[in-house]
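# Inside the fold
Chain by chain, the residues:
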There are 2 protein chains.
Amino acid sequence: MATLSTPAPTPAPTPTSPPGAVACSNCNLRELCLPMGFTPDEFARLDALVATRLTLKRGETLFRSGDPFRALYAVRTGFFKTRIGSEDGRDQVTGFQMAGELLGLDGISSDQHNCDAVALEHSQVCVIPFSQLETLSRGFPELQRQFHKIMSREIVRDHGVMMLLGSMRAEERLAAFLLNLSHRLKARGFSPSALLLRMSREEIGTYLGLTLETVSRCFSRFQEDGILEVRQRQVSIVDQTTLERLVSGASA
Amino acid sequence: MATLSTPAPTPAPTPTSPPGAVACSNCNLRELCLPMGFTPDEFARLDALVATRLTLKRGETLFRSGDPFRALYAVRTGFFKTRIGSEDGRDQVTGFQMAGELLGLDGISSDQHNCDAVALEHSQVCVIPFSQLETLSRGFPELQRQFHKIMSREIVRDHGVMMLLGSMRAEERLAAFLLNLSHRLKARGFSPSALLLRMSREEIGTYLGLTLETVSRCFSRFQEDGILEVRQRQVSIVDQTTLERLVSGASA
DNA sequence: CGGAGAATTGACCAGGATCAATTGAAGTGG
DNA sequence: CCACTTCAATTGATCCTGGTCAATTCTCCG
């Protein structure tokens, strides 16, 4: 089940390891990535940890299920999806990741990645060698705690998706999805109402446990009801209140 | 939406902190709980960490969403479910936990628990004070690594549930659920084919994103097809191969 | 033995899936 | 610069899985 066209044979992502420029200590994402009050010395140690950067073009894969696990990746710019696939070809999108979010946590369990991470647009990630992260965090309680919180947050997020998939109807799912995107964009200083979707209807559907047709129909209905304005992947949230009421089950 | 009867007002679980007896070092679950080759000295430090034990009766709650998070809990004996609830009353069972499995990982993210953990039968858990676990693991790389693997495994498990909820049909979901139970029982030395379900049809349904009627009907159909033998909560797997084929999407 | 909750089963309905056609947008090469 | 290709999105018609409502039946306890 192809999800994103990859016309060229898609070689490995270009390893742009030129350091020099941006470091954690003056990265504008550091509040999202590792929101703690670190000292300058601690930042220096972080900067040493995160030395490499990777650039990926739209459609390229950061890692695949089965690849040996060596590092986590922090999204610097761009947008990703992660997906797992079953034997019989069906696949499930397990998440969409934007700037400041971490990729690869699932690989720790078995020393190999358990999902595919695909760039949905031109993207850049910071490479965090995992064994070094573990070493550093042993002498650095705040970092340790922060890392544990990030893993736990991923578990909580997954439970939210389970609730969405297990007990919400189509419209509620899409509403929850849009509001979630909106919140995350707002937290990054973008407009919470003007969304530019980076993924196709099919990818949304595969995430929400719906078909692409159902997703499209829901978009249309929301537009008719004056909740959204939809022009392809350009979506404006017109009536956030109603959207929120939808998620809570009130069929408003 | 009541899931388990709790006739008595259910006070806090009885805190049986009598140490002395069983310690991690000679716990027969240690392969499941912390499967590493620890030295005697390392075991001694673990034993000091896990000093308290709690006993819960069927229907009692170990922790609730919103409770302050202070410890993780390792199931020693018994069976639990975890659930999250939405504002409008719908709840979602996020997992069933048996001996050797950890409860409470979701609480790390926000310093308070994000789900309810309910004992489905008389159960005993080991209390693992979290800040002590973090402290200990800073001087104890194998423990640190093991803990990270456990968290990551939970993420991988959740992704599996997302795939189940997002892309499987009712029969496939129930088949996957039963096979999962079977594997976990086998890993604990129990029969992988004779299952005694600790949860109601409704709880299974709430976990699998189905109604209790659908769960019941699937059980009946599996019995008609000679895949299972079902007598209430006493379920025998007769034809494991067909069950496995069901999960892979081949409609047998 | 009687009552309460759990499970089964049936009848009916509806939310989404499926199949299929059409429109729309974006990139390609003449 | 425009026809052509290709893929994404929309929309319609129909079907089917699983939800809903309701009636028994079965267990387990008090």
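Residues numbered from 1 in each chain as written. Chains lettered and ligands numbered in written order. Predicted model: local features only at pLDDT ≥ 70, side-chain atom pairs only at ≥ 80, totals over all residues. Heavy atoms only, no water.

Bringing the overall build of chain A into the picture now. On a plain count of helices and strands, chain A comes out with eight helices and eleven strands. For chain A, restricting intrachain contacts to residue pairs at least 6 apart in sequence, the fraction spanning at least 24 positions comes to 74%. Summed over its atoms, the accessible surface of chain A is roughly 11,100 Å², and 52% of this surface lies on carbon and sulfur atoms. (Helix = DSSP H or I, 4+ residues; strand = E, 2+ residues; numbered from the N terminus. Contact = heavy atoms within 4.5 Å. Areas by Shrake-Rupley, 256 points an atom, 1.4 Å probe, with all protein chains shown as cover.)

All right, on to the sheet that holds strand β10 (residues 228-231) of chain A then. Residue and element names in this part refer to chain A. Taken in spatial order, the three strands make up an open sheet running β9-β11-β10, and their pairing is antiparallel. With one partner strand each, in any of the chains shown, β9 (194-196) and β10 form the two edges of the open sheet. Strand-to-strand twist in this sheet, taken as the mean axis angle between neighbours without regard to direction, amounts to 15°. Pairing analysis gives three bridges linking β9 to strand β11 (residues 234-237), with the strands arranged antiparallel. (Pairing = 2+ DSSP bridges. Axes fitted to C-alpha atoms, helices over the stretch in contact; angles between N-to-C directions.)

Placing chain A over chain B gives an RMSD of 0.0 Å and needs a rotation angle of 180°, together with 0.0 Å of translation along the axis. The operation mapping one copy onto its partner corresponds to a two-fold rotation axis. Distance from the rotation axis, computed per C-alpha, reaches its smallest value in chain A at Arg138 of chain A: 2.2 Å. A shared interface surface links the copies, since 100% of the contact residues of chain A are contact residues in chain B too. (Least-squares fit on C-alpha atoms with pLDDT ≥ 70 in both.)

Let us now look at the domain arrangement of chain A. Note on interface size: it is often stated as the accessible area lost on association of the parts. Residues and elements named next belong to chain A. When its domains are assigned, chain A resolves into domain 1 (14-159) and domain 2 (168-251). Of note, the centres of domain 1 and domain 2, computed from C-alpha atoms alone, are 26 Å apart. On the side of domain 2, eleven residues touch domain 1, which itself brings 16 residues to the contact. Carbon and sulfur atoms make up 58% of the surface buried where domain 1 meets domain 2, a total of about 1,300 Å² over both sides. On the domain 1 side of the contact with domain 2, Val93, Phe96 and Met98 bury the most area, a combined 41% of that side's loss. Applying the counting criterion to the domain 1 and domain 2 interface returns four salt bridges. The partner of Glu101 in a salt bridge is Arg188, with the nearest N and O atoms 3.4 Å apart. Counting across the domain 1 and domain 2 interface gives eight residue pairs in polar contact (both at pLDDT 80 or more). Partitioned by chemical class, the residues of the side of domain 1 that touches domain 2 number seven nonpolar, four polar and five charged. (Domains from an automatic or database assignment. Buried area = accessible area lost by both parts, 1.4 Å probe. Salt bridge = Lys/Arg side-chain N within 4 Å of Asp/Glu carboxyl O. Polar contact = N/O pair within 3.5 Å; in protein donor to acceptor, adjacent residues only side chain to side chain. Nonpolar A, V, L, I, M, F, W, Y, C, P; charged D, E, K, R; others polar.)

Next up on the list: the packing of aromatic side chains. Residue and element names in this part refer to chain A. Summed over the entire model, instances satisfying the criterion amount to 18 aromatic pairs over all chains. Taking the centre distance of 5.6 Å and the plane angle of 85° together, the rings of Phe38 and Phe43 count as edge-to-face. Residue class for Phe38 comes out buried when judged on its relative accessible area of 10%. Their ring planes at 55° and their centres at 6.0 Å tell us that Phe130 and Phe147 sit as a pair that is tilted. (Phe/Tyr/Trp six-rings, centres within 6.5 Å; stacked < 30°, edge-to-face > 60°. Buried < 20%, exposed > 50% of the residue type's maximum accessible area, 1.4 Å probe, protein only.)

This next bit is on the interface of chain A and chain B. Each side of the interface is counted separately: chain A has 49 residues, and chain B has 49 residues. At the junction of chain A and chain B, the tally comes to eight salt bridges. The salt bridge partner of Lys149 of chain A is Asp111 of chain B, with a shortest N-O separation of 3.1 Å. Our count for the contact surface shared by chain A and chain B stands at 27 residue pairs in polar contact (both at pLDDT 80 or more). Of the residues forming the side of chain A that touches chain B, the biggest block, 22 residues, is contributed by helix α4 (residues 141-167) of chain A.

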